[in-house]
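Chain by chain, the residues run as shown.
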Amino acid sequence: MDRIKAFFAPPKASADEYEPLTDDDSTTLEGSTYEEEETPFSWVEYSIFALIGVAMLWAWNMFLAAAPYFQTRFQSDPWIYANSQSAIITTSTVFNLVAMLILTNIQSSANYPFRINTALFVNAAVFGLLTLSTTSSFLDVSPRGYLAFILLMVAMTAWAAGLMQNGAFSFAASFGRPEYTQAIMAGQGVAGILPPLTQMLSFLAFADSSPGINPPDQPKNELPSHDKKGGTAAFIYFLTAVLISLITLLAFIPLVQRHNRLLDRRRRQAALSQQSTPAETETETDHTPTTTSTRRYVPLPTLFRKLGWLAASVFMCFVVTMFFPVFTAKILSVNDDDASSGGSSSSSTSSSSSSSSTSSSGSSKLLLPGAFIPLGFFFWNLGDLAGRVSTMLPVFGSLRRRPRVLFVASLLRWGFLPLYLLCNLHGRGAVVGSDLFYLVVVQALFGLTNGWLGSTAMMAAGEWVGEGEREAAGGFMSMCLVAGLAAGSVLSFTVAGI
């Protein structure tokens, strides 16, 4: 019993190992020492960091929530239809991880604002191409050709996400305010809500009353062609992503200016404290915040030694999380007659399929796959956002000092996966015949634990390293997050055929 209590108790580490205290060597990228109180909290800056978080994961969530539209483009190829979601998330996370590994090892010369701006420009260009792909001129592209195009777009946005994740978390850490890191995490939660909401509204406003997605084993001559309204819905959906990137670019400008002034003030304080010569002062106060020749390089083994449990918590949290997109894209409403009969269509005659399609014409459009699948993503991300916001409550602050408890919590999240098997997979019927059970108990609670655990671990990282290591710690933790996404996306192929 004493060993169990000792495992959950806060570790008593030395100051140079795993202790959330500022060490003696606390030189920041500006070469000065400062207290967090010297950087006042600003809701304006918090909001801008939240917007950066939105833009950071908008592409990722957009590709997930667009699953119904992609299925209409892939339905003539059963293999692509079944594996497209896993292929998309695997491509995204692998390219994202490669970018993070490269960027994390480039610390001393890193220009974090430049990385963020570059990522936003890349996303705007990619979303523009995706918008064009929904027009009538590109609707006749074969499933293989369209999959290749989508995976290329995913790879580009994944690389941009790596630039933005590394840049944003490191940039936020340099302010010395853990609330700004939480703002990015909260913004990522908002990014999870808006894309599926946009997809649902676009479908309800422009799509016709037909489900729009047929079982992959339906004869090809019975597959419907892409209608103009569906193309309009996807066009508007992708176009919103372009606007998000452009708005974030504009909002980021005053934040960089504020950061420049902050760096100048810290340099002046360092110059005064060190009683530097006029020549040294002029060099230190030169208004070039992004030239970081004085930034100290922190080896990855050092960061892992100090942040091992937190890094493992983030990694395991997102390994488990990556199974939810595969299940969500395959679970249909138990109250939609057409969805419920879709699973048995392979054993039914052509006339019975036609009859079930007719009977569903009076059902609510929200229960059709084109709206219900994004609704599932919406509820998961709603819980995720609630979890990220909850970390601002003082009651959860003490858990940032118990990294081992966070790791145990990340392991317990595996218990959510069997719950998906109780839901209406492919319309074959559900063990628990309730959409409320699926949306609230499974999706929302699964998302809630993800948001709370991921944000808590990310916020705690800055408290377990020295001041001069905060930027490197932010990049390291984001790399562990992406590594978890990559590992989980590869493992998600094990359930792709369910």
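Residues numbered from 1 in each chain as written. Predicted model: local features only at pLDDT ≥ 70, side-chain atom pairs only at ≥ 80, totals over all residues. Heavy atoms only, no water.

Across its full length, the protein chain holds 18 helices and zero strands. Taken across its 498 residues, the protein chain has 55% of its residues classed as buried. Sequence separation of 24 or more characterises 88% of the internal contacts of the protein chain that already satisfy a separation of 6 or more. A total accessible area of about 20100 Å² is found for the protein chain, and carbon and sulfur atoms account for 66% of it. (Helix = DSSP H or I, 4+ residues; strand = E, 2+ residues; numbered from the N terminus. Buried < 20%, exposed > 50% of the residue type's maximum accessible area, 1.4 Å probe, protein only. Contact = heavy atoms within 4.5 Å. Areas by Shrake-Rupley, 256 points an atom, 1.4 Å probe, with all protein chains shown as cover.)

Take the packing of helix 5 (residues 112–133) against helix 6 (residues 143–173) next. Packed helices, taken two at a time, are described by the angle their axes make and the gap between the axes. Packing of helix 5 against helix 6 brings their axes to within 8 Å, and their N-to-C directions diverge by 155 degrees. With respect to their mutual orientation, helix 5 and helix 6 come out roughly antiparallel. Relative to helix 6, the crossing made by helix 5 is left-handed. Here the residues of the contact of helix 5 with helix 6 are counted per class, giving 20 nonpolar, seven polar and one charged. (Axes fitted to C-alpha atoms, helices over the stretch in contact; angles between N-to-C directions. Parallel < 35°, antiparallel > 145°, perpendicular 65-115°, else oblique. Left-handed = near helix turned anticlockwise from the far one by under 90°. Nonpolar A, V, L, I, M, F, W, Y, C, P; charged D, E, K, R; others polar.)

This brings us to the confidence of the model for the protein chain. Of the residues in the protein chain, 73% reach a pLDDT of 70 or more, and the chain-wide mean stands at 75. Of all helices and strands in the protein chain, the one with the weakest mean pLDDT is helix 13 (residues 350–359) (41), whereas helix 16 (residues 417–420) scores best (93). Confidence drops under a pLDDT of 50 for residues 280–294, and excluding neighbours within four residues, the segment shows 30 contacts in the predicted structure. Scored below 50 in pLDDT, residues 339–363 makes 28 contacts in the model with residues more than four places away or belonging to other chains. (pLDDT = per-residue confidence, 0-100.)

What follows concerns helix 10 (residues 300–321). Its 22 residues place the ends of helix 10 only 25 Å apart at the C-alpha level, less than the 32 Å of an ideal helix rising 1.5 Å per residue. Helix geometry: helix 10 is bent most strongly at Leu-307, by close to 85 degrees. (Expected span 1.5 Å × (residues − 1). Bend = angle between axes of the 7 residues up to and from the residue.)

The next point concerns a nonpolar patch on the surface. There is a patch of nonpolar side chains on the surface, built from Val-94, Phe-95, Val-98, Ile-102, Ile-106, Trp-159 and Val-490 and spanning about 550 Å² of accessible area. One can find Val-98 in helix 4 (residues 78–104). Judged by relative accessible area, which is 38%, Val-98 ranks as partly exposed. (Patch = residues over 30% accessible without salt bridge, like charges linked within 9 Å, V, L, I, M, F, W, Y side chains within 5 Å. Salt bridge = Lys/Arg side-chain N within 4 Å of Asp/Glu carboxyl O.)

Counted according to the given criterion, the structure contains 21 aromatic pairs. On the numbers, 5.7 Å between centres and 65 degrees between planes, the contact of Phe-171 with Phe-252 is edge-to-face. Here Phe-171, found in helix 6, pairs with Phe-252, found in helix 8 (residues 228–274); they are 81 residues apart in sequence, far enough to count as distant. The buried category is assigned to Phe-171, whose relative accessible area is 1%. Considering the side-chain rings of Trp-380 and Phe-446, the 6.2 Å spacing of their centres and the 90 degrees angle between planes classify their relative orientation as edge-to-face. With a gap of 66 residues between them, Trp-380 in helix 14 (residues 369–390) and Phe-446 in helix 17 (residues 435–461) connect regions that are remote in the sequence. (Phe/Tyr/Trp six-rings, centres within 6.5 Å; stacked < 30°, edge-to-face > 60°.)

By secondary structure assignment, the location of Arg-413 is in the loop between helix 15 (403–412) and helix 16. It turns out Arg-413 is buried and unbridged, and the closest side chain with the opposite charge, Asp-384, is 7.0 Å from it. One polar contact links Arg-413 to Thr-321, side chain to side chain, over a distance of 3.1 Å. (Lys, Arg positive; Asp, Glu negative; His and termini not counted. Polar contact = N/O pair within 3.5 Å; in protein donor to acceptor, adjacent residues only side chain to side chain.)

In this section: helix 17. An α-helix turns once per 3.6 residues; consequently, residues spaced three or four apart project the same way. The terminal C-alpha atoms of helix 17, which comprises 27 residues, lie 38 Å apart, in line with the 39 Å expected from a rise of 1.5 Å per residue. At Ala-444, helix 17 shows its largest bend, some 25 degrees. A large share of helix 17 lies buried, amounting to 21 of its 27 residues. Regarding helix 17, its N-cap is Ser-434, as a side-chain oxygen of that residue lies 3.2 Å from the backbone nitrogen of Leu-436 further along.

For the structure on display, the rule yields two salt bridges. Notably, a salt bridge pairs Arg-258 with Glu-45, separated by 2.5 Å at the nearest N-O pair. Here the residue Arg-258 occupies a position in helix 8, and Glu-45 occupies one in helix 2 (residues 43–65), the gap between them amounting to 213 residues. When sorted by exposure, Arg-258 lands in the same class as Glu-45, which is buried. The salt bridge involving Arg-388 is made with Asp-384; its shortest N-O contact spans 2.7 Å. With Arg-388 and Asp-384 both in helix 14, this residue pair falls four residues apart, about one helical turn. With respect to class, Arg-388 is no different from Asp-384; both count as buried.

So, on to the side chain of Arg-258. Accessibility expressed as a relative area gives 17% for Arg-258, which makes it buried. Here the side chain of Arg-258 touches Glu-45 through a polar contact of 2.5 Å, side chain to side chain.

The next thing to look at is the environment of Val-320. Looking at where Val-320 falls in the secondary structure, it is placed in helix 10. Accessibility expressed as a relative area gives 0% for Val-320, which makes it buried. Distance in space between the C-alpha atoms of Val-320 and Ser-410 is 8.2 Å, their sequence separation being 90 residues. Here Val-320 is in contact with Ser-410, Arg-413, Trp-414, Leu-417 and Phe-446, once residues within four sequence places are set aside.

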